[in-house]
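# Descriptive structure summary
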Amino acid sequence: VLTYALAGGPVPGDPRFALMWRGATWHFAGARTMETFEMDPGRYCPAYGGHCAWALARAVLMPSQPEAFAAHAGRLYLFSSPEAQRDWLARRDEMIGQADANWLD
């Protein structure tokens with residue numbers, strides 16, 4: 001959420017600013033955002049492990065694309081397509097409830 005909020009959208013990560021968290025390598029735009037994430041990764045990581053929030057509401061794991069996103073209540077949600085993003089936004093609260101119920105973290 002941090003970089004998306006500061007830049008108004010996704011920013012490519014720089015391999016010089018990388019760290020491991022939950023078995024994945026995370027790249028950041030700079031040292032400041034990397035250090036902020038490292039202090040509280042659960043606060044800044046995308047919801048549902050970065051999987052498509054729209055698909056997860058339907059109990060399906062689907063990859064997402066960083067350009068299709070929404071921020072709500074301090075959480076970053078990613079989507080597989082702009083169409084999935086639009087549908088999710090139209091029914092946001094319902095979709096969050098369904099996806100939360102389906103996500104086994």
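Residues numbered from 1 in each chain as written. Predicted model: local features only at pLDDT ≥ 70, side-chain atom pairs only at ≥ 80, totals over all residues. Heavy atoms only, no water.

### A look at the packing of aromatic side chains
Definition in use: Two aromatic rings, drawn from Phe, Tyr or Trp (for Trp, its six-membered ring), form a pair once their centres lie within 6.5 Å of each other, and the interplanar angle then sorts them: stacked below 30 degrees, edge-to-face above 60, tilted otherwise. Numbering of helices and strands runs from the N terminus, with a helix taken as a DSSP run of H or I at least four residues long and a strand as a DSSP run of E at least two residues long. Throughout this description, buried means an accessible area under 20% of the type-specific maximum (1.4 Å probe, protein chains only), exposed means over 50%, and partly exposed covers the range between. A positively charged side chain is recorded as over a ring if its NZ (Lys) or CZ (Arg) lies within 6 Å of the ring centre. The angle to the ring normal must also be within 35 degrees.
In total, this model carries 8 aromatic pairs according to the counting rule given. Aromatic pair Tyr-48 and Trp-103: ring centres 6.0 Å apart, planes at 70°, arrangement edge-to-face. Of this pair, Tyr-48 sits in the loop between helix 3 (41–44) and helix 4 (53–56) while Trp-103 sits in the segment after helix 6 (92–102), placing them 55 residues apart in sequence. Taking relative accessible area as the criterion, Tyr-48 reaches 2% and is therefore assigned buried. We classify Trp-103 as partly exposed; its relative accessible area is 25%. Seen in terms of ring centroids, Tyr-77 and Trp-88 are 4.7 Å apart; in terms of plane orientation they differ by 40°. Their pairing is tilted. Of this pair, Tyr-77 sits in strand 4 (residues 75–79) while Trp-88 sits in helix 5 (residues 82–90), and the two are 11 residues apart along the sequence. The same class applies to Tyr-77 and to Trp-88, which are both buried. The ring of Tyr-48 is capped by Arg-75, whose NZ or CZ atom sits 5.3 Å from the centre of that ring.

### Structural notes on the environment of Phe-69
Let me state the cut-off plainly: In what follows, a contact means two residues having at least one pair of non-hydrogen atoms within 4.5 Å.
Here Phe-69 is to be found in strand 3 (residues 65–72). The partly exposed category is assigned to Phe-69, whose relative accessible area is 22%. For Phe-69 and Ala-53, which are 16 residues apart along the polypeptide, the C-alpha to C-alpha distance reads 9.3 Å. Leaving out residues up to four positions away in the same chain, Phe-69 has contacts with Tyr-4, Gly-8, Gly-9, Pro-10, Leu-76, Tyr-77, Leu-78, Phe-79 and Gln-85.

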